[in-house]
Amino acid sequence: RRDKSVGVKTQKAPNSAEGAGIAVAEHGASAAEAYGFVGFVLTGVMYVVYLVWAYTPEDVLVRLGVTYYPDKYWALAVPCWICVLVLYGAWMYEGVNMMSVRDLNDPDIIAEENGFIGSEADEPDLPGSVPTMRDTPVEEVNRVLFLMRGRRVRTRQVGEKR
């Protein structure tokens, strides 16, 4: 059996996976792997070029024969804009998700049409098994969320001052 380097065909092994319906590569790296590697190398090279451009004084660049390059302002502006866009994108993602949530007074939030609201006493689950899927009753949710050690948590009304 020969090594699986790029462009080298491999010989069939005695217990080959072809008979089991598993695809076996005839050659080395796939196109996605090659593009991924080229992208990885180009990213590193472009980062080094960016650092050289950003930190090298202009007179040194001119002495090296590099005369056509963007203003140094962009060395700081582009990363700042990228950071702001990432933060804005996360904020927009959260906003779109909040818009897609149903209203709090929607009846489907309280109970589903075909939902099963059961209690722990209905059918005990086998030890170590996954619990039976059921909707949690609203009373139980309110008890867990709004009661602390038997006391009711004081909630402020909208517009009420502290």
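Residues numbered from 1 in each chain as written. Predicted model: local features only at pLDDT ≥ 70, side-chain atom pairs only at ≥ 80, totals over all residues. Heavy atoms only, no water.

Caption draft 1: Representation of the overall build of the protein within the structure. Along the backbone of the protein there are five helices and two strands. Reading the protein from its N terminus to its C terminus gives the helix and strand order α-α-α-α-α-β-β. The contacts of the protein with a sequence gap of at least 6 include a subset with a gap of at least 24, amounting to 6%. As displayed, the protein has an accessible area near 15100 Å², and 63% of this comes from carbon and sulfur atoms. (Helix = DSSP H or I, 4+ residues; strand = E, 2+ residues; numbered from the N terminus. Contact = heavy atoms within 4.5 Å. Areas by Shrake-Rupley, 256 points an atom, 1.4 Å probe, with all protein chains shown as cover.)

Caption draft 2: Focus on the packing of aromatic side chains. By the definition in use, this model includes three aromatic pairs. Here Y73 and W74 contribute two aromatic rings whose centre-to-centre distance is 4.9 Å and whose plane-to-plane angle is 75°, an arrangement assigned as edge-to-face. Centre to centre, the rings of Y88 and W91 are 5.7 Å apart; their planes meet at 45°, and the pair counts as tilted. One end of the pair is Y88 and the other is W91, both in helix α3 (residues 73–99) and three residues apart, which spans about a single turn. (Phe/Tyr/Trp six-rings, centres within 6.5 Å; stacked < 30°, edge-to-face > 60°.)

Caption draft 3: Highlighting the pattern of salt bridges. The full count for this structure, using the stated rule, is one salt bridge. Salt-bridge contacts for D59 lead to R63; the nearest nitrogen and oxygen are separated by 3.8 Å. Placement of both D59 and R63 in helix α2 (residues 58–63) is noted, with a separation of four residues, approximately one turn of the helix. (Salt bridge = Lys/Arg side-chain N within 4 Å of Asp/Glu carboxyl O.)

Caption draft 4: Examining the packing of helix α1 (residues 31–55) against α3 more closely. Direction vectors running N to C along α1 and α3 enclose 130°, while the axes themselves pass 8 Å from each other. With respect to their mutual orientation, α1 and α3 come out oblique. Of the residues in α3, those touching α1 at Y50, W53 and A54 are W74, A75 and P79. In terms of residue class, the contact of α1 with α3 is built from six nonpolar, no polar and no charged. (Axes fitted to C-alpha atoms, helices over the stretch in contact; angles between N-to-C directions. Parallel < 35°, antiparallel > 145°, perpendicular 65-115°, else oblique. Nonpolar A, V, L, I, M, F, W, Y, C, P; charged D, E, K, R; others polar.)

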